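Secondary and tertiary structure notes
Single-letter residue listing:
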Amino acid sequence: MAQKRTFRTLWGGAMKKLFFFVTIILSLFLLFSCQGKEKATQPNEVVSPVVNTADAKNEKIKVSIYFWDVAPLKALTPQLEAKFPDVEFEIVSAINDIEYFNFLKDHDALPDIIGMRKFSLNDAKYLKKELLDLSRTEVAATFHPSYLEQNRDEDGSIRWLPTCAELEGIIVNKEFLDNLNLSLPTTFDELLNCINILKENGLTPFITDYAYDYSCLTISQGSNIPQLMSVDGVAWRQKYESEKAGEAVGLDREVWLPVFENLFKFFEATDVDESDLEFSTKDITNKFINKETVMIRGTGSDCFNFSKTMDVAFLPFFGETPRDSWVYSYPIAQYAVNKKVATDSRKYEVVMDILEEMLSLEGQLNTAYGAPMLSYTISSSPNLSSVFDPIADTVKANHIYMRIASTTFFTTTKNVVQGIIKGDYKTPEEAYDAFDSTLKSAKKSNTANIIYTSDVSYPYGLTENGNMAESSILNTIVKNVSLDPEKLTPIYDNSLDNSINFDIGIAITGLSISPVFEGPYTELQLRRLVNGRSTTVYFELTGEEVDSLMSELIDLRKNGNNPIRHRNFIPVTSGFSYKIKDNQDDSYTYLGSDLDKEKVYKVLLCGNFGVLNDYTFCGTPLSEGMQAKKKSINTMIWKMIIELAKNNVKFEKPNNYLTIE
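Residues numbered from 1 in each chain as written. Predicted model: local features only at pLDDT ≥ 70, side-chain atom pairs only at ≥ 80, totals over all residues. Heavy atoms only, no water.

Turning next to the overall build of the protein chain. Along the backbone of the protein chain there are 25 helices and 26 strands. Across the 661 residues in the protein chain, those meeting the buried criterion constitute 55%. Of the roughly 28800 Å² of accessible surface on the protein chain, 49% is carried by carbon and sulfur atoms. (Helix = DSSP H or I, 4+ residues; strand = E, 2+ residues; numbered from the N terminus. Buried < 20%, exposed > 50% of the residue type's maximum accessible area, 1.4 Å probe, protein only. Areas by Shrake-Rupley, 256 points an atom, 1.4 Å probe, with all protein chains shown as cover.)

Bringing the pattern of salt bridges into the picture now. According to the stated counting rule, one finds 27 salt bridges in the structure shown. Counted as one network, the salt bridges with shared partners bring together Lys128, Asp153, Asp155 and Arg159. (Salt bridge = Lys/Arg side-chain N within 4 Å of Asp/Glu carboxyl O.)

Here we come to the sheet that holds strand β21 (residues 572–574). Read across the sheet, five strands follow the order β21-β18-β24-β20-β25 without closing on themselves; strand pairing throughout is mixed. Edge strands, defined here as strands with exactly one partner in the open sheet, are β21 and β25 (631–632). When strand β18 (residues 504–507) meets strand β24 (residues 600–607), the two strands line up parallel, connected through four bridges. For isoleucine 506, the partnering residue across the bridge sits in β24 and is leucine 605. (Pairing = 2+ DSSP bridges.)

Take the packing of aromatic side chains next. Counted under the stated rule, the structure contains 31 aromatic pairs. Aromatic pair tyrosine 452 and tyrosine 521: ring centres 6.2 Å apart, planes at 45°, arrangement tilted. Placement of tyrosine 452 in strand β12 (residues 450–454) and of tyrosine 521 in strand β19 (residues 519–522) is noted, with a sequence separation of 69 residues between them. In textbook terms, an aromatic cluster arises when at least three aromatic residues are bridged by ring pairs, as seen for Trp236, Tyr240, Trp256, Phe260, Phe409, Tyr432 and Phe435. Seen from the ring of phenylalanine 410, lysine 118 lies directly overhead, with NZ or CZ sitting 4.3 Å from the centre. The ring of phenylalanine 609 has lysine 630 lying over it, and the distance from NZ or CZ to the ring centre is 5.9 Å. (Phe/Tyr/Trp six-rings, centres within 6.5 Å; stacked < 30°, edge-to-face > 60°. Lys NZ or Arg CZ within 6 Å of the ring centre and 35° of its normal.)

Let us look at the side chain of histidine 399. One can find histidine 399 in the loop between α17 (392–396) and β11 (400–402). The residues contacting histidine 399, other than those within four sequence positions of it, are Tyr147, Arg323, Asp324, Ser325, Trp326, Val327 and Thr394. (Contact = heavy atoms within 4.5 Å.)

The next thing to look at is the sheet that holds strand β15 (residues 482–483). Strand order in the open sheet made by the three strands is β16-β15-β17, with antiparallel pairing throughout. The two strands at the open ends of the sheet, each matched to only one other strand, are β16 (490–491) and β17 (500–501). In this sheet, β17 lies alongside β15 in antiparallel orientation, the contact comprising two bridges. Each residue of the ladder has a partner; that of serine 482, found in β17, is asparagine 501.

Below, the discussion takes up the nonpolar core. Ile65, Trp160, Leu161, Ile354, Ile506 and Tyr578 are the most contacted members of the largest nonpolar core, which totals 152 residues. Leucine 161 has contacts with Leu134, Val139, Ala140, Phe143, Leu148, Asn151, Ala333, Gln334, Tyr335, Leu355 and Leu359, leaving out every residue within four places of it along the chain. Membership of the second largest hydrophobic core comes to 58 residues, among which are Val249, Phe260, Ala313 and Phe409. (Core = buried A, V, L, I, M, F, W, Y, C linked by side-chain atoms within 4.5 Å.)

Looking now at the packing of helix α8 (residues 188–200) against helix α12 (residues 253–269). Relative orientation of the contacting elements α8 and α12 amounts to 15°, with a least axis distance of 10 Å. When the axes of α8 and α12 are compared, the pair comes out roughly parallel. Handedness of the α8/α12 crossing: left-handed. Residue-level inspection shows Phe188, Leu191, Leu192, Ile195 and Lys199 of α8 in contact with α12, the latter providing Asn262, Lys265, Phe266, Glu268 and Ala269. Residues belonging to the contact of α8 with α12 are distributed by class as follows: six nonpolar, one polar and three charged. (Axes fitted to C-alpha atoms, helices over the stretch in contact; angles between N-to-C directions. Parallel < 35°, antiparallel > 145°, perpendicular 65-115°, else oblique. Left-handed = near helix turned anticlockwise from the far one by under 90°. Nonpolar A, V, L, I, M, F, W, Y, C, P; charged D, E, K, R; others polar.)

This brings us to unusual backbone geometry. With a phi angle near 55°, leucine 488 is a residue other than glycine that sits in the positive phi range. For threonine 509, which is not a glycine, the phi torsion comes out positive at approximately 55°. When you line up the elements, threonine 509 lands in the loop between β18 and β19.

A separate point is the packing of helix α3 (residues 76–83) against helix α16 (residues 361–368). Axis separation between α3 and α16 bottoms out at 8 Å; the angle between their running directions is 145°. Contacts from Leu76, Gln79 and Lys83 of α3 reach α16 at Glu362, Gly363, Asn366 and Thr367. A class-by-class count of the residues in the contact of α3 with α16 yields one nonpolar, four polar and two charged.

Bringing the pairing of strand β22 (residues 578–582) into the picture now. Side chains Tyr578, Ile580 and Asp582 of β22 all project onto a buried face; the interleaved residues Lys579 and Lys581 project onto a face where none is buried. Taken together, the five bridges between β22 and strand β23 (residues 588–593) define a ladder with antiparallel strand orientation. Within β23, the residue paired with lysine 579 across the bridge is glycine 592. Hairpin connection from β22 to β23: five residues lie between these consecutive antiparallel strands, with glutamine 584 at a positive phi of about 65°. Pairing geometry for β22 and strand β26 (residues 658–660), over three bridges, is parallel. Following the sheet pairing, tyrosine 578 is matched in β26 by leucine 658.

The next point concerns helix α22 (residues 543–554). Side chains of residues three or four places apart in an α-helix project in the same direction, reflecting 3.6 residues per turn. With twelve residues, α22 should cover 16 Å at 1.5 Å per step; its first-to-last C-alpha distance of 16 Å lies within 8% of that length. When α22 is considered as a whole, its buried residues turn out to be Gly543, Val546, Asp547, Leu549, Met550, Glu552, Leu553 and Ile554. (Expected span 1.5 Å × (residues − 1).)

Next up on the list: the environment of lysine 597. As for its position among the elements, lysine 597 is in the loop between β23 and β24. Those residues within four positions of lysine 597 in sequence are excluded, and the remaining contacts are Thr542, Gly543, Glu544 and Asp547. Within polar-contact distance, the side chain of lysine 597 engages the side chain of aspartate 547 at 2.4 Å. (Polar contact = N/O pair within 3.5 Å; in protein donor to acceptor, adjacent residues only side chain to side chain.)

The subject of this paragraph is the environment of asparagine 305. Inspection of the secondary structure puts asparagine 305 in helix α14 (residues 300–306). Residues asparagine 305 and alanine 371 lie 66 residues apart in sequence; the distance between their C-alpha atoms is 9.6 Å.

Over its 14 residues, helix α19 (residues 428–441) runs 20 Å from end to end, which matches the ideal 20 Å to within 8%, given 1.5 Å per residue. Residues of α19 that are buried include every one of Pro428, Ala431, Tyr432, Ala434, Phe435, Asp436 and Leu439, and no others. Those residues of α19 that are buried lie in contact with α11 (231–241), α12 and α18 (407–422).

With that settled, consider the side chain of asparagine 262. Mapped onto the fold, asparagine 262 is located in helix α12. Beyond its immediate sequence surroundings of up to four residues, asparagine 262 is in contact with Phe188, Ser223 and Asn224.

Moving on, we get to a negative patch on the surface. Side chains of Asp273, Glu274, Glu278 and Asp424 sit close together on the surface and give a patch of like negative charge. As for its placement among the helices and strands, glutamate 274 is situated in the loop between α12 and α13 (281–289). (Patch = residues over 30% accessible without salt bridge, like charges linked within 9 Å, V, L, I, M, F, W, Y side chains within 5 Å. Lys, Arg positive; Asp, Glu negative; His and termini not counted. Charge placed at Lys NZ, Arg CZ, Asp CG, Glu CD.)

Attention shifts here to the confidence of the model for the protein chain. Chain-level pLDDT for the protein chain is 89 on average; 90% of the residues reach the 70-or-more range. Every residue in residues 1–44 scores below 50 in pLDDT, and together they form 49 contacts with partners more than four places removed in sequence or on other chains. Low pLDDT (under 50) marks residues 46–51, which in the prediction has eleven contacts with non-local residues, meaning those over four places away or in another chain. (pLDDT = per-residue confidence, 0-100.)

Okay, structure coming up:
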């Protein structure tokens with residue numbers, strides 16, 4: 001059970017808060033003293049800038065940015081392209097996995113700027129030596145010190161900067177509380193009391209989707225954020241996040257046992273049982289809309305959307321007093337800069353300006369793309385809807401908690417929380433011990449099974465003849481995958497005599513996200529060669545119809561929408577070559593191909609069709625005529641790559657498929 005509040009514990013808590021307050025003041029002094037200094041790295045990082053020639057200054061600087069998903073394509077990257085017309089951007093919609101960047105690091109292929117969503121310093125430790133220390137830059141000085149400290153390494157460096165905060169909390173339908181003359185709770189005890197009153201009146205007080213790791217993470221850490229943000233809690237977190245390779249830092253009992261004690265109290269109050277593990281996110285949303293529950297866990301975006309048709313409020317996670325409340329958050333993204341950028345003084349200045357733009361208020365708003373968000377920076381945050389009034393004082397007090405989100409923490413939290421619900425752990429002590437022992441035994445595996453070894457390498461990026469890495473991948477699929485003529489399922493071993501063999505292939509929306517490297521690959525590394533959302537469809541088209549399809553995939557639409565949101569969205573082709581005209585305004589015009597216009601071709605079309613169709617991205621769905629001709633294969637491209645590797649199929653050579661006039 002939780003420790004009783006004696007004079008000793010009250011005095012100790014006061015001293016801890018005083019010490020934490022002094023720490024913040026000192027951090028503020030140190031950070032603001034850095035304002036106005038040149039954009040430079042720490043003195044202990046030796047950087048030898050290349051002196052640029054006059055000719056080099058007249059050339060466009062190429063800057064590569066790898067994002068965690070397609071979301072920044074909506075508004076952020078168009079903002080950057082407009083603000084930096086002299087920069088040639090290579091924008092890659094990559095993958096939300098730090099291991100992907102470890103993979104690129106191992107092959108000396110890290111981009112200039114890295115954007116990650118699912119992030120922790122603990123996971124990022126293997127990248128540390130490859131990244132620039134941003135602690136003394138002007139952009140770092142714009143952050144609230146308390147949030148910046150959570151990204152500080154043991155040596156004082158800060159290599160990752162968070163963009164705006166995605167919010168999570170408790171969404172409550174105020175109608176139920178008003179009917180019972182109940183006020184919104186402001187403390188943890190008041191929340192439990194409110195839940196009990198709702199149950200006494202035959203209502204379901206709270207449900208959430210415990211089937212998912214992120215929900216388990218939110219509810220467990222949210223049950224006692226004041227404890228996690230105590231001086232001891234912050235010290236433990238820094239120790240955990242600074243865990244070195246081969247180490248395994250467990251939990252701190254004084255910090256974490258009270259967290260589990262509150263979690264058990266919450267589970268007991270909300271009558272959680274195994275049936276709660278069956279709820280999907282959609283189930284929870286429908287139950288809330290249908291008024292089958294009073295409260296749910298949700299994001300700020302969820303709450304804002306509910307507010308359009310319901311009387312709702314967004315609650316923080318509570319402590320013992322209203323002043324101990326915290327808004328649970330996680331950065332929509334964390335940004336880091338490749339250390340090699342600093343070897344070119346001109347490029348370094350440009351990249352730092354780009355980073356500053358990405359972290360400006362406009363950049364944060366475009367990153368969130370209309371979703372309610374808070375800023376971790378000192379600059380003013382946008383005004384929030386009135387549904388967020390219950391968290392106003394919490395926000396003013398800068399009580400915005402950034403979740404602990406390492407890969408191990410996600411997995412362990414899900415297992416332990418679900419174990420509590422199933423009855424595997426009957427006390428807070430048992431749950432604590434299970435979590436602690438898992439963390440201490442978790443090790444990074446360096447012995448993953450190699451399933452394929454490549455004897456070739458091809459670079460990523462658009463050249464005057466196309467993207468060689470993407471061309472190799474597409475050629476490999478087109479030449480080595482066939483289809484069952486009845487089921488339209490892929491065949492990898494030529495086991496059917498009457499199978500459908502592709503004549504040509506077309507890849508859209510940035511199929512590849514990595515160079516093709518020479519050397520060994522694990523299954524997971526092969527999967528990271530391509531965009532994880534890329535799927536496939538099949539056509540039978542004449543050469544003339546293929547030209548019509550290519551026009552749809554390249555030309556501006558009458559409404560102004562552009563299928564080529566970025567240069568790496570220019571389609572990659574296998575089995576034919578084509579020409580386009582560069583209109584010098586981020587748009588292109590299709591000029592035709594070398595296909596026989598009368599011949600019927602078996603065509604594989606692959607890519608992220610969600611990006612193509614969504615009006616907030618490209619907004620260029622295929623015409624009704626083309627939609628009627630397509631047949632879904634419904635197989636992810638990464639699965640094809642892995643199956644081909646298991647059949648010992650080698651990467652095919654790329655071809656010069658593109659001419660830009």
